[in-house]
Protein chains: 2
Amino acid sequence: MNFHPHDMEQLAQRFKILGEPARLQILATICDQERSVQDICHRTGLHQANASKHLRMMKDAGVVACRKKGVWRYYRIVAPEVLSLCLRAQKSLKQAETPLVRDNSQMEAVE
Amino acid sequence: MNFHPHDMEQLAQRFKILGEPARLQILATICDQERSVQDICHRTGLHQANASKHLRMMKDAGVVACRKKGVWRYYRIVAPEVLSLCLRAQKSLKQAETPLVRDNSQMEAVE
DNA sequence: ATACTATATAACTACTTAATAATATAATCA
DNA sequence: TGATTATATTATTAAGTAGTTATATAGTAT
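Residues numbered from 1 in each chain as written. Chains lettered and ligands numbered in written order. Predicted model: local features only at pLDDT ≥ 70, side-chain atom pairs only at ≥ 80, totals over all residues. Heavy atoms only, no water.

## Section: the pattern of salt bridges
- Following the criterion strictly, the structure yields 13 salt bridges over all chains and no others.
- Across the pair Asp39(A) and Arg35(A) runs a salt bridge whose closest N-O atoms are separated by 3.1 Å.
- Relative accessible area serves as the criterion here: at 9%, Arg35(A) is assigned to the buried category.
- The residue Glu81(B) makes a salt bridge to Arg14(B) at a minimum N-O spacing of 2.9 Å. Taken as a pair, Glu81(B) in helix H5 (residues 81–97) and Arg14(B) in helix H1 (residues 5–18) lie far apart in primary sequence, 67 residues in all.
- One salt-bridge network, in which partners are shared between bridges, spans Arg35(A), Asp39(A) and Arg43(A). (Salt bridge = Lys/Arg side-chain N within 4 Å of Asp/Glu carboxyl O. Buried < 20%, exposed > 50% of the residue type's maximum accessible area, 1.4 Å probe, protein only. Helix = DSSP H or I, 4+ residues; strand = E, 2+ residues; numbered from the N terminus.)

Set out below in structure tokens:
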């Protein structure tokens, strides 16, 4: 792992997007299909203005995009790797939670 | 992608850790070997108190652990998946930056 | 014991940002 | 046209947090 400063910033920026439960919720609702802001709000419980802001942020970051149809804006994910990142991170968290084999080699980690 | 609220929180928490350049820098310096706080500070340019705080946070989150030897504390990564997450995210960011084939199907993303 | 060094912690400041409320814009419909 | 609806934007407030300074703690060395 040997990143240039700029890459490091960019990487952190990408992780920062995923570091917010509200945005993960939004991504979860549009992971398999595009949805209107209303739809997203109903499913996540987020207020419209709040959801709109998160969506704007993720759009600027190139994570989602939207299609305009009449009054509606349908958002979808355009950076599918964020989904695999979530699944991967989730999996490792679960494994850490209930390890099949207790690893004593790092017991002092707890101190 | 269908997470329980608690899992979502936990997932966001994990990403939040990686969403900070200073912490990515720290992780980069200890990705292949344990290092003392001094060493980390010198390599990253972070102030001692600041590095200490970031390390404390990552220790509480189970991402790093430390070994005490005299006055020194040697920190190491104990959640190696964060490294693969970084590499994976970095890779996809690079790909998005310079796509081999321009994908016009999502041009309206830019609006 | 005293001085020095490594690390942690606490207090503080400054900055960021999430959530909310209010308003603006624009499309639809009666 | 006026009313309604969907979304975006702006302003505001509150909470979180990164960085810094100062101090505490605990090893080490003289």
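There is more to say, and it comes next.
## Focus on the relation of the copies chain B and chain A
- Screw-axis analysis of chain B against chain A gives a translation of 0.0 Å along the axis, an RMSD of 0.1 Å, and a rotation angle of 180°. Such a combination of turn and shift is consistent with a two-fold rotation axis.
- Here 100% of the contact residues of chain B are again contact residues in chain A; the copies associate through an equivalent surface. (Least-squares fit on C-alpha atoms with pLDDT ≥ 70 in both. Contact = heavy atoms within 4.5 Å.)

Note that every value here comes from positions in space, so none of it alone points to a role or purpose.
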